[in-house]
Amino acid sequence: MSSPDAEAGLLAGVLDTTLKKTQDPGWTTFSPEELSALLYAFLPSRLSSVHSKAYIVLSAFCQRRRSESSAPDQGTQALCKAFETPVCSRVADTEQREALSGLTFLVALFDVDHLCASAIFQRDGVLESIMDTLDLFPSSRDVDLAVAHLLGRAAGHKTCRALLGSDHRKWLEWKSRQIEDGELRAAAAVAMIKLSRGSSADVAEAGGAADRPMEDTELATLMKGLVLDSHETSSLADAVEGLAYTSTNASVKEALSNDSSFLTRLFALVPRRKGAPAPSLEDLAGSPLYGTVVIIANLCLYRPRLSPEEAQIAKLRRMAKTQDAAGQFIGQEDDPLDDDDHVKERGRRILKAGAMEALTSAVRASDSRAVRSVAGKAILSLVEDKDNRGSILQAGGAKALVMIIQTILPPSKASDAGKIVQLETADFDPIQALAKLAITASPVQVFGPNEGAIFDAVRPFSLLVTHPNANLLQRFEGMMALTNLSSQSPEAASRVAHADGLMNKVELLMLEDHTLVRRAATELVCNLVTGCEEVFNKWGGVKNSASKSKLQVLLALCDVDDVPTRLAASGALATITASPEACTSLMELQSEHHRMLPIIGQLINPAIAVRSEGDAEPGDGVLEVYQGDPALEHRGVVCLRNFYYGLVSKASQQEIVSASEHIGVVDALVLVVKGCAHNTSSPVLQPAAEALKWLLEHGVEVAF
């Protein structure tokens, strides 16, 4: 009789040979020896390396059959033809080893191709044969564990779940409550959770009332105990998977987040040693890494931000889907434990326990898109609280987000200019989280001293603004982040200005009805006008019809109610009016609409109003000292000073002198200078004095 090591070696050799054959175009199906080896490869007595190879062979075969089929149903039929008979015969066998091989193979098939596994599971007599193994081998712990895992896999799929009745629930509940075998307890509890959650969803979808044999809190307490007490990898993985399901319940979230011992143990499951090699696919398959990240994301997840209309629609849907026993509608109110204050406190508690370190380690340890996507969602929730952002940066949150974004975004190519990057809604989560960090901290604090990292952030932030799948909040935060980046250096501003499609989108958003979005767009343009010569020229530095239209937009934004928007627009004008060509364009706007000078004058003194000829005489004393916004006043004075000195036409000069006297701009400048009598270091004094000097030189009588 061969030794277990020799048998394992022979089995591994057969699997290696079979794997090579699956790559051969002429190969069609398994030989009897190869199929037998594959069926026996998932027995619990096999080494994990054999399990891993068997998974690869099974996956390669299933993928090949699927690729050769023209439709999903055809692929499922082809796979069932290969596996149904040997699996069903083994599950029904009276020999324990044969039955166990059938059970464990079907569990693996659910992991690799659930459509085929579900079809076999639903065949007449299969479920009965599975449950009969419990009576045939009542003392076999391996059979109990395999059945628990198999029922758990089946409970995750609606068509299979419909076959599971009260007897199956009772068995799972019984095994989940026993304390002799922690691994079996965990597997049964996870199956219970999947069955309970899935059945509730099925009933709610049908408009009935759900019946849960075990409450989420009870199941969560069981799973939490397993996490704290178990030292077996498979038990921990099952327990964490169960908590990933139950931690969507608000009461469970509160209980878990308040248990520091549990959080410490949970986060310790994620390897943290820097420089450690990335775990293999085999290690990750049985690792609780994904479940741990899901739990963190659930604990700190905020409710969706709904408009009043969306909230009303959601309420009507809940009422339509939920009825009591008498058929009366029951409105399900949001749990108060899930309000923003509770979520914020949970986020602070789990951060204190090491959640951010666990998330950054998870991102480093796994290149799985699923793990990284959920980690990005979790970090987005945590950075929602501004008080958390410093600790998140210290824990390497920005670096983790950059790694996630690199996974999501395809490489940028010059040939792709103007094309829409394929991004799902969830792909914006890590970009938005990084944008939030970049809004409240300096670029160096977020990205480090290497300017290359700052330049690399321009593309994802610009996509947050321009992509059609991004929402208005994301566009707003993307522009805010780009505004901060553009202030870092002229090169950074230039990179932002040249981002594909960004400037066209920002110009449209400057006209957006939403005040904050319009403000963010204007602030970004203000920074770019200052930092990038090309933008300076496009917005009026070089005279043409397009730049004149842009100047008119800035001028209009200097006259809105929102002060920060006026500050940004007037700041951009103050910069652009350093160009004589911009002053010429502004003079044309004044001559056409007679609005330019009053708007700039109102930045200095809001008492200035647009007056028709004859409304008042120059110097009639209509202006008085007005304590307005000093920053607006400063920008208005600089604009006037630059505008006066930028006029070269004598006719234009005389027209502006007359208008300045008529609407009270001269009086406003005098009041500014008088206001600086006790503060000669005020930055507004010099440009105001220079503006008055120009007026004096052009024949205006100024009385102090």
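This is a predicted model, so every value here is computed, not measured. (Residues numbered from 1 in each chain as written. Predicted model: local features only at pLDDT ≥ 70, side-chain atom pairs only at ≥ 80, totals over all residues. Heavy atoms only, no water.)

1. Structural notes on the overall build of the protein chain
Turning to step 1, where the next piece is worked out: Of the regular secondary structure elements, the protein chain holds 39 helices and 0 strands.
Turning to step 2, where the next piece is worked out: Counting only residues that meet the buried cut, the protein chain has 50% of its 704 residues in that class.
Turning to step 3, where the next piece is worked out: Considering only intrachain contacts with a sequence separation of at least 6, the fraction spanning at least 24 residues in the protein chain is 71%.
Turning to step 4, where the next piece is worked out: Entry remark: accessible area of the protein chain is about 32,600 Å², with carbon and sulfur atoms responsible for 52%. (Helix = DSSP H or I, 4+ residues; strand = E, 2+ residues; numbered from the N terminus. Buried < 20%, exposed > 50% of the residue type's maximum accessible area, 1.4 Å probe, protein only. Contact = heavy atoms within 4.5 Å. Areas by Shrake-Rupley, 256 points an atom, 1.4 Å probe, with all protein chains shown as cover.)

2. Let's talk about the confidence of the model for the protein chain
Turning to step 1, where the next piece is worked out: The predicted model of the protein chain averages 86 in pLDDT, with 86% of residues at 70 or higher.
Turning to step 2, where the next piece is worked out: Under a pLDDT of 50 for its full length, residues 274–286 has, in the predicted model, 11 contacts with residues more than four places off or in other chains.
Turning to step 3, where the next piece is worked out: Below a pLDDT of 50 lies the segment residues 610–621, which in the model reaches 16 contacts outside its immediate sequence neighbourhood of four places, other chains included. (pLDDT = per-residue confidence, 0-100.)

3. A short note on the nonpolar core
Turning to step 1, where the next piece is worked out: The biggest cluster of nonpolar side chains holds 220 residues, and the ones touching the most others in it are Phe-83 and Phe-461.
Turning to step 2, where the next piece is worked out: When neighbours within four sequence positions are excluded, Phe-461 is seen to be in contact with Ile-431, Leu-434, Ala-435, Ala-438, Phe-447, Gly-478, Ala-481, Leu-482 and Leu-485. (Core = buried A, V, L, I, M, F, W, Y, C linked by side-chain atoms within 4.5 Å.)

4. Points about unusual backbone geometry
Turning to step 1, where the next piece is worked out: Phi at His-594 takes a positive value of approximately 55 degrees, unusual for a residue other than glycine.
Turning to step 2, where the next piece is worked out: Examined against the element boundaries, His-594 turns out to sit in the loop between α34 (580–593) and α35 (596–604).
Turning to step 3, where the next piece is worked out: With a relative accessible area of 46%, His-594 lands in the partly exposed category.

5. Looking at the environment of Leu-524
Turning to step 1, where the next piece is worked out: Along the chain, the position of Leu-524 falls in helix α30 (residues 515–531).
Turning to step 2, where the next piece is worked out: When the C-alpha positions of Leu-524 and Ala-568 are compared, they lie 8.4 Å apart, and in sequence the two are 44 residues distant.
Turning to step 3, where the next piece is worked out: For Leu-524, the residues in contact, after removing those within four places along its chain, are Met-479, Leu-482, Thr-483, Ser-486, Val-496 and Val-506.

6. Quick look at the state of the cysteines
Turning to step 1, where the next piece is worked out: This structure, assessed with the given rule, holds 0 disulfides.
Turning to step 2, where the next piece is worked out: No disulfide involves Cys-88; its sulfur sits 9.0 Å from the nearest other cysteine sulfur, which is in Cys-80.
Turning to step 3, where the next piece is worked out: Cysteine Cys-583 remains unbridged, with the sulfur of Cys-639 as its closest cysteine sulfur at 9.3 Å.
Turning to step 4, where the next piece is worked out: For Cys-583, a relative accessible area of 0% puts it in the buried group. (Disulfide = S-S within 2.5 Å.)

7. Topic: the packing of helix α12 (residues 216–229) against helix α15 (residues 260–268)
Turning to step 1, where the next piece is worked out: Closest axis-to-axis distance for the α12/α15 pair is 9 Å, and the angle between their directions is 60 degrees. As summarised for this structure, α12 and α15 are arranged oblique, according to the angle between their axes. Our pair here, α12 against α15, has a crossing hand that is left-handed. Contact with α12, carried on its side by Lys-224, Val-227 and Leu-228, involves Ser-261, Phe-262 and Arg-265 of α15 and no other residues of that element.
Turning to step 2, where the next piece is worked out: Class assignment for the residues of the contact of α12 with α15 results in 3 nonpolar, 1 polar and 2 charged. (Axes fitted to C-alpha atoms, helices over the stretch in contact; angles between N-to-C directions. Parallel < 35°, antiparallel > 145°, perpendicular 65-115°, else oblique. Left-handed = near helix turned anticlockwise from the far one by under 90°. Nonpolar A, V, L, I, M, F, W, Y, C, P; charged D, E, K, R; others polar.)

8. Brief notes about helix α8 (residues 141–155)
Because an α-helix completes one turn every 3.6 residues, residues spaced three or four positions apart along the sequence face the same direction.
Turning to step 1, where the next piece is worked out: The terminal C-alpha atoms of α8 lie 21 Å apart, and with 15 residues this matches the ideal 21 Å at 1.5 Å per residue to within 8%.
Turning to step 2, where the next piece is worked out: By the criterion of burial, α8 is predominantly enclosed, with 12 of the 15 residues buried.
Turning to step 3, where the next piece is worked out: If you check which residues of α8 are buried, you get Val-143, Asp-144, Leu-145, Ala-146, Val-147, Ala-148, His-149, Leu-150, Leu-151, Gly-152, Ala-154 and Ala-155. (Expected span 1.5 Å × (residues − 1).)

9. Some points on the packing of aromatic side chains
Turning to step 1, where the next piece is worked out: Taken as a whole and assessed by the stated rule, the structure comprises 12 aromatic pairs.
Turning to step 2, where the next piece is worked out: Site record: aromatic cluster; members linked through ring pairs are Trp-27, Phe-30, Phe-42, Tyr-55, Phe-61, Phe-83 and Phe-105.
Turning to step 3, where the next piece is worked out: Directly above the ring of Phe-455 sits Arg-495, whose terminal nitrogen or CZ lies 4.3 Å from the centroid.
Turning to step 4, where the next piece is worked out: When the ring centre of Trp-539 is taken as origin, the NZ or CZ atom of Lys-550, which lies over that ring, is 5.8 Å away. (Phe/Tyr/Trp six-rings, centres within 6.5 Å; stacked < 30°, edge-to-face > 60°. Lys NZ or Arg CZ within 6 Å of the ring centre and 35° of its normal.)

10. Regarding the pattern of salt bridges
Turning to step 1, where the next piece is worked out: Across all of its chains, the model carries 34 salt bridges by this definition.
Turning to step 2, where the next piece is worked out: With a closest N to O distance of 3.7 Å, Lys-550 and Glu-507 form a salt bridge. You can see Lys-550 sitting in helix α32 (residues 545–557) and its partner Glu-507 sitting in helix α29 (residues 502–509), a full 43 residues away along the chain.
Turning to step 3, where the next piece is worked out: Under the relative-accessibility criterion, Glu-507 is labelled partly exposed at 25%.
Turning to step 4, where the next piece is worked out: A network of salt bridges, in which partner residues are shared, links Lys-253, Glu-254, Asp-338, Arg-346 and Arg-349. (Salt bridge = Lys/Arg side-chain N within 4 Å of Asp/Glu carboxyl O.)

11. Considering the packing of α32 against helix α33 (residues 563–576)
Turning to step 1, where the next piece is worked out: One can describe the packing of α32 onto α33 by two numbers: an axis separation of 8 Å at closest approach and a directional angle of 140 degrees. Relative to α33, the element α32 lies oblique. As α32 packs across α33, the resulting crossing turns out to be left-handed. Of the residues in α33, those in contact with Leu-551, Leu-554, Leu-555 and Leu-557 of α32 are Thr-565, Arg-566, Ala-569, Ala-572, Leu-573 and Ile-576.
Turning to step 2, where the next piece is worked out: Taken together, the residues of the contact of α32 with α33 sort by class into 8 nonpolar, 1 polar and 1 charged.

12. Remarks on helix α7 (residues 126–136)
Turning to step 1, where the next piece is worked out: Listing the buried residues of α7 in full gives Val-126, Leu-127, Ser-129, Ile-130, Met-131, Thr-133 and Leu-134.
Turning to step 2, where the next piece is worked out: Those residues of α7 that are buried are in contact with α4 (72–91), α5 (96–112), α6 (114–121), α8 and α10 (166–177).

13. A look at the environment of Ser-257
Turning to step 1, where the next piece is worked out: Counting through the fold element by element, Ser-257 comes out in helix α14 (residues 250–257).
Turning to step 2, where the next piece is worked out: The spatial distance from the C-alpha of Ser-257 to the C-alpha of Cys-300 is 9.3 Å, given a sequence separation of 43 residues.
Turning to step 3, where the next piece is worked out: Ignoring any residue separated from it by four or fewer positions in sequence, one finds Ser-257 in contact with Leu-263, Arg-346, Arg-349 and Ile-350.
Turning to step 4, where the next piece is worked out: Polar side-chain contacts of Ser-257 include one of 3.2 Å to the backbone oxygen of Glu-254. (Polar contact = N/O pair within 3.5 Å; in protein donor to acceptor, adjacent residues only side chain to side chain.)

14. Some thoughts on the side chain of Asp-562
Turning to step 1, where the next piece is worked out: Counting through the fold element by element, Asp-562 comes out in the loop between α32 and α33.
Turning to step 2, where the next piece is worked out: For Asp-562, the side chain forms a polar contact with the side chain of Arg-519, separated by 2.8 Å.
Turning to step 3, where the next piece is worked out: With near-sequence residues (within four places) excluded, Asp-562 lies in contact with Thr-515 and Arg-519.

15. Describing the environment of Val-517
Turning to step 1, where the next piece is worked out: Among the secondary structure elements, Val-517 is positioned in helix α30.
Turning to step 2, where the next piece is worked out: Relative accessible area serves as the criterion here: at 2%, Val-517 is assigned to the buried category.
Turning to step 3, where the next piece is worked out: For Val-517 and Thr-565, which are 48 residues apart along the polypeptide, the C-alpha to C-alpha distance reads 9.8 Å.
Turning to step 4, where the next piece is worked out: Ignoring any residue separated from it by four or fewer positions in sequence, one finds Val-517 in contact with Leu-472, Phe-476, Met-479, Leu-509 and Glu-512.

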